[in-house]
Every structure is written in structure tokens, then in C-alpha cells.
Amino acid sequence: MITPYLATIESELQYRLSYKYIWFRKQNDLWDGYSNFIYTTVEWNDLIPKISKTVSKFGLNKEEFFYYAINRWYNYWSALAIELIFSDLDGVIPEKNKKNRLVDFSIFGEKFDHKTSVFPKGFEKSLAYAQKHPEELLYWLYANQSQEQRKHLENRMFVIVYAKDGAHWKLKAQISWLKDIISTYVATFDDSKLFRLQLQPYKVTKAGLIWAVK
């Protein structure tokens, strides 16, 4: 049972919500290296001392590194929780090779990487438009995905969070709510729900799109 673990993650993520969501710089290998303790630190009260220690050790700007680290921490644990949700559902098999950056799990035999994203401001169109033109949004997401290691053009399952008050990012902490939405999608999964995208000349990419709107 993953439920207790998910409850812990959801509880810890709430601590992040009282701070504004801001990045002072783009993610980079150097600062990622400084903040890699996020991967082994689930509790907020353990995270803060590690941030302070790193600031002192490397002479970093306190405010900038604080937000850099808590943003990475928040996004990582939210994403991990969602992967656990998928992997615990009937018909979903988690990828055994944890170093495989192209696959997180298989849904009824179809392999996917997973990406939870806030509704992108850069798309410059409304939620209603995106929901009526999902392929256009998906092409935009692939074209504008981050330039980090997970950039690729293979099959992907997107979970897009949208808050009517504009604080989309906060919905990534609502793990129980997201679990219900994802469970419903997988329970009614059908290959016809997937979008076929021509991202490469001789290959079709399959993409799933799950809306989490509140």
C-alpha cells in the first residue's frame, strides 16, 4: 500500500504553499548539484537546515538558493507521488530501470514518461481553447519542454493542472485529489484516448493528456 507514503508527501508539500513561487535563475547543473539533497529529504523540517548549511558552505545568496531548493524539492516530490499513483493502479507497470529517462511506466503495454505541468502561460491561449484543441497544446508542450535531461520526443503522459484563481502550481500539492483524477483516467483507459503526434519524420509519438482543473 502506497497510501501512507502519499499522505506523508502530501502533508509535507503543504509547507511550501505559504511561500511565493519564484525562480531567481534558470536551473543549471551547478545549482542542481548544490541542491541534490532534495532527492533524499522528504520532510520540510529536514530540508531547511540543509539549505542553510549549503548557503554557508558555498557562499550562496540566501534568498535565491532558498527558492531554488524548495522549488526543486516541491516539484520532485509532487512528481514522485504522481508516479507512485500511476504505478499502483491496475494495468500500470512501473519501469524497472530507474535510469531510463524515457519511460516511467507502462499502461496496458504502452510505455510512457510522465510529466505534470502547470497550464503554460507561454501557450498564450485560454483553457477553453486548449481543451478544444488539445493536439495544439501537446505540440507546444513538446516544442517548449525544458532543455534538461528529460527533454525528448517519445511517448509522454501529461497531467496539466489549472487553478481558476491562477495559482496553478499549488494544485501539484493536492495529491489525494490528483489521485482520484488519475485513477479515473486509467480505469477508463483506451488507446483511442491517446493523441498521435508527428514529432519525428518516420515515427508517431503517442501522448496522453489528463486535465486537473479546480
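Residues numbered from 1 in each chain as written. Predicted model: local features only at pLDDT ≥ 70, side-chain atom pairs only at ≥ 80, totals over all residues. Heavy atoms only, no water.

Okay, unusual backbone geometry next. Residue Phe108 is not a glycine yet carries a positive backbone phi of 50°. Looking at where Phe108 falls in the secondary structure, it is placed in the loop between β2 (105-107) and β3 (110-118). Even without being glycine, Glu124 reaches a positive phi, approximately 60°. Residue class for Glu124 comes out exposed when judged on its relative accessible area of 70%. (Helix = DSSP H or I, 4+ residues; strand = E, 2+ residues; numbered from the N terminus. Buried < 20%, exposed > 50% of the residue type's maximum accessible area, 1.4 Å probe, protein only.)

What follows covers helix α3 (residues 44-58). Between its first and last C-alpha, α3 extends 21 Å over 15 residues, near the 21 Å set by a 1.5 Å rise per residue. The set of residues buried in α3 consists of Trp44, Leu47, Ile51, Thr54 and Val55. Angular distribution of buried residues about the axis of α3 spans 100°; they occupy a single face of the element. Facing away from the buried side of α3 by more than 90 degrees, the exposed set consists of Asn45, Lys53, Ser56 and Lys57. Those residues of α3 that are buried are in contact with α1 (3-13), α2 (29-34) and α4 (62-87). (Expected span 1.5 Å × (residues − 1). Arc of directions from axis to C-beta. Contact = heavy atoms within 4.5 Å.)

Below, the discussion takes up the nonpolar core. Ile51, Phe65, Phe86 and Met157 are the most contacted members of the largest nonpolar core, which has 50 residues in total. Ranked by residue count, the leading element in this core is α4, at 14 residues. Not counting residues up to four positions away in its chain, the partners in contact with Met157 are Phe86, Phe105, Ile107, Phe112, Asp113, His114, Lys115, Tyr185, Leu194, Gly208, Leu209 and Ile210. By size, the runner-up hydrophobic cluster in this structure holds 15 residues, among which are Tyr142, Ile160, Tyr162 and Phe195. (Core = buried A, V, L, I, M, F, W, Y, C linked by side-chain atoms within 4.5 Å.)

The quantities given are spatial measurements derived from coordinates; they are silent on function.
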